[in-house]
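Observations on the model geometry
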Amino acid sequence: MSKNLMSGKSSLKSPKGSSKKQKGEKKAKESSKGKQKQSDKKDEEVNLSMASIGHPEIFPLVFTTQTQEIFNCRVDEDVTKENCFKLIKKEDIIEDLKARAAVSDFHPVKKIVLEYPGEELLVVFDVEQEYGQNFYLVATEEAKENLLKPPDVAEEKEQEKEKDDDENKEGTLEESVYKPPVRKPWVSLGSEKEVEEESVKDTVSKIKYLISRVRRKFGAPITFTDKNASSVKDTYIECTSYQDKTFSIKLLEKDVGAQIVPKVRENSTQTKWTYPKNAAIQYFPREFSDEEKEESLSSKKLKEFITSVLFRTEIALQQNEIMNVFVDDWRALAEDEGSYGSKSDIYLKEYQSFIDLHYLKDRTISCVCWHPNIYGIIAESATERLSYDERVDLSGKLLLQKSVILFWSFSDPLHPQLMLECPEDIYCFQFSPSDPNIIAGGCFNGQVVLWDISQYEEKLRNAKSSAGFKKTAVNLPSFIQAQQCGPEPPLVRYCAVSSIEYSHRAIITDIHWLPDFFEVNRMGATFENRAEICVQLVTCSPDCSILFWDIRGTKLPIQPLSEKAKEEKIIDVLPDFPDTFKHLDLTWKPLIKINLCKSDTSVDYSPIRISLTEEYYHYKTSDKVQSLNKLVELTKESPYAEISVPSGKILKGLENVSTNFFVGTEDGEIIYSDWKMERDSDSGRLIGKKPSQKHAVHDGIVHTVQRSPFFKDIVLSVGPWNFAIWKEGLATGPILQSSCSAVRYTVGQWSLTRPGVFFIGREDGNIDIWDLLEKTHEPSQFQNISISMITCIRPWIASAKQHFLAVSDDSGVLHVLEISWTLSHPSSNEHTSVLHYFEREVEYQKYYEQRQEFRAKERIEMELEAQRKKTTATAPQKSREQMEEQENMDYMEFLDLEKKILTDLGIVKESEVVSSSDA
């Protein structure tokens, strides 16, 4: 606190008079100057004590330029060194705290401002920064009054006034008389509470120890002797360790993080045990004698205790009967957290991205497949982003462009490892379940293509950087461009392509391998597959047909010698050209052709996606995860190397194999039908059965029809604006149907590890993550993946701890995302919970159907009743004479009945009745 604040300055004016008065005035000035010096010295001592000890009523603050302008306390303008006080209303400070919150300079003293009793607070400009800042706040009314009106200044003014009066009276100034300081009452500022809180109080009684030693052992000399180890028990002598003060380090601070720890109690004594020594003690439990037990049980104190706790014990026993007290609540709580988790745990982490600017430029990715056996290998196909009319106009230009399937590896995300040549753009392809080196694909022109990459399997397993690739030796214009900038991966030509005449008339939108335990004949009947390898395919197309293909063919073609010579010449030019399926090239015909006819018209359905009941899943589920070492131990020879034509022997029929399938059409309909063929009674040709169920659920093309990996009879279908979940065998409709989405859906896929989770790609580049156990009306989480439309989603389980999700977009970028622990690891009872949810929905659908049938019957009966009332003619009214005659007849019948009752009761004799009747 500055001297100008604590010591007041007053100008003294003495009247003119004699020389005595002038001498007195000079002496008074010297005395006043001495008094002023003494007061200044006193103020300096006060300032030192305040700076060192501190005042509880003063709080230093830093006022920024903005705060000074808000409260009109600008330095050297509103407040100066001479005028350093500023009174600010409490309401203005509170409004500033509400407006600027933590940014306000009054935020450190917010509590003090709110608890201040007065309406105005005193802010002092600290010129010398004695309290460390440019301003300080006065927190009490008493301190504010002392600063605004210092008591020392008032006393000095009174003293100077008394001195002036004395000088006027006597004319001379006597020596100042010492006046002892006036005792002021003590005012509490809250320090006694702090002193009381910080004071140490004994709460535990001290333990007293008495240590004694025999007097004669005080100061006794110590003697060392040698001892043989063999003479000691256990043949060893223990040298106990002791604390070395040279290497003792005092631990001043330790930062330890813990969640749940057992309670630890630490006790210590005043004795410092420097040299530890092994010790043991033998003890036995203390038990009551029979007399003590009898006395304790019969005591009055025990009876009073039992009476007091009887009511509480009965309540506790009743609670134990109501609830299971042995349930581990912590384990159940941890399970819930692990299964669902928070929103921050539900995420997809970017692992890698693949993009090719040479082959996939201005193209959209149409299909993505993981290699079933090799870790980190993923294949993708692409198509031109053209409409049908644009494709027709540019058909000549498109023939000159190369269509390929690219194989990528995690070890080299910049360069593809392998390329498969395609006759046309590939819209869908699948690895063979029996041998992943065999790949089947569907072309844009409706042809089916087969590849064999057996020669490059080792290269894919040992995939490294593309620096080791060499240029392909093939030099055909249809394969390779004339100029290549840099090394390219190997190019594999297709083995066989189906006949154009017998193929689909439109793009192949879906392709599946039939399982290896059965095969179908031309009638659609199922038989045992003795080869135990996948030899048949099923494809669908918007040309209103579903085709079944057999890669064995019906008869090996016989070629003339000239053609064989040409083929050998081509093989010499192309040493890597595989001839696994050369008997099918350009002669391959479908085994079965199914047309899905509409019942009411002659128009057929246009299938886009197909899902078979007996479908082979091209991925590993969580309970079938195999190690990479086991996957490497595969047979070197392909099972298709010695493939033969179908045997003429009679095969055993399989009755337990379902031939039903779901189909999603181009018009948004979900069809349930059977692939078995039947003969037309009129023409005698084989035709497909009519669909047994048809549901128009989606408003547009169906993008996905997929069965759940956990429930064989649960199917997910995704349309442009909604999705639906179906139960096979339930003809009433979907058991779950979503509301209309704000953005178009493009693709959907079930999770491979969690039964109630599935992913849906959207047109805006986001992925919706649905969890049926958490929410059914909206996705539990959504995440942005790309700025372009999502075209394909493929999950994959690399190991028990590593799960991936491949997501492709319309711009040609393939994203590989790592699925979080929450989304990839189910809880212990999740499978059962999801199954119960589906069963409840099925029961609800059945109940709803029953109520609909009941309401329909009720409505029909009401209509019939109304119609009956209208058609029923009203009876004609009787005349008055007829009504009187009817009343007379009724009265006579009543009299006869009365006579009979009276006669039976014996009240009236029969003779009297007869006589009266005669009369």
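Remember, it's a predicted structure, so these values are computed and weren't measured experimentally.

1. Points about the overall build of the protein chain
When you go through the protein chain residue by residue, the secondary structure sums to 20 helices and 37 strands. Buried positions account for 37% of the 919 residues belonging to the protein chain. Taking contacts inside the protein chain between residues at least 6 apart in sequence as the whole, the part at least 24 apart equals 65%. Accessible surface for the protein chain amounts to roughly 60,700 Å². Of this, 52% is attributable to carbon and sulfur atoms.

2. Overview of unusual backbone geometry
Even without being glycine, Asp 76 reaches a positive phi, approximately 65°. Counting through the fold element by element, Asp 76 comes out in the loop between helix H3 (65–70) and strand S2 (85–89). Since its relative accessible area comes to 62%, Asp 76 is described here as exposed. Of note in this structure, Gln 129 is not a glycine but carries a positive phi near 50°. Mapped onto the fold, Gln 129 is located in the loop between strand S3 (120–125) and strand S4 (135–138).

3. So, the sheet that holds strand S12 (residues 448–452)
Read from one edge to the other, the open sheet built from four strands follows the order S10-S11-S12-S14, with strand pairing classed as antiparallel. The sheet terminates laterally at strand S10 (426–431) and strand S14 (496–497), the two strands that pair on one side only.

4. A closer look at helix H4 (residues 90–100)
Among the residues of H4, Lys 90, Ile 93, Asp 96, Leu 97 and Arg 100 are the ones counted as buried. The buried side chains of H4 occupy one side of the element, clustering within an arc of 125° when seen end-on. H4 presents Glu 91, Lys 98 and Ala 99 as exposed residues on the side facing more than 90 degrees away from its buried surface. Looking at the buried positions of H4, the neighbouring elements they touch are H3, S2, helix H5 (110–115) and S3. The positive-phi residue at the C-terminal boundary of H4 is Ala 101, with phi of around 55°.

5. Notes on a nonpolar patch on the surface
Taken together, the side chains of Ile 322, Met 323, Val 325 and Phe 326 present a nonpolar region at the surface, about 520 Å² in accessible area. Tracing the backbone shows Phe 326 in the loop between helix H10 (300–322) and helix H11 (329–339). We classify Phe 326 as exposed; its relative accessible area is 76%.

6. As for the nonpolar core
As a rule of thumb, soluble globular proteins bury nonpolar side chains together. Among the nonpolar cores identified, the biggest contains 26 residues, and Phe 63, Ile 93, Phe 106, Val 124, Leu 137 and Val 138 are the most heavily contacted of them. Mapped by element, the contributors of at least two residues to this core are strand S1 (58–61), H4, S3, S4 and helix H6 (141–148). Of all the elements, S3 adds the most residues to this core, at five residues. In this structure Leu 137 touches Glu 57, Ile 58, Phe 59, Leu 61, Val 109, Val 113, Leu 121, Leu 122 and Val 123, once residues within four positions along its chain are discounted. By size, the runner-up hydrophobic cluster in this structure holds 24 residues, among which are Ile 377, Ile 426, Leu 460 and Val 497.

Cut-offs used in this document
- Residues numbered from 1 in each chain as written.
- Predicted model: local features only at pLDDT ≥ 70, side-chain atom pairs only at ≥ 80, totals over all residues.
- Heavy atoms only, no water.
- Helix = DSSP H or I, 4+ residues; strand = E, 2+ residues; numbered from the N terminus.
- Buried < 20%, exposed > 50% of the residue type's maximum accessible area, 1.4 Å probe, protein only.
- Contact = heavy atoms within 4.5 Å.
- Areas by Shrake-Rupley, 256 points an atom, 1.4 Å probe, with all protein chains shown as cover.
- Pairing = 2+ DSSP bridges.
- Arc of directions from axis to C-beta.
- Patch = residues over 30% accessible without salt bridge, like charges linked within 9 Å, V, L, I, M, F, W, Y side chains within 5 Å.
- Salt bridge = Lys/Arg side-chain N within 4 Å of Asp/Glu carboxyl O.
- Core = buried A, V, L, I, M, F, W, Y, C linked by side-chain atoms within 4.5 Å.

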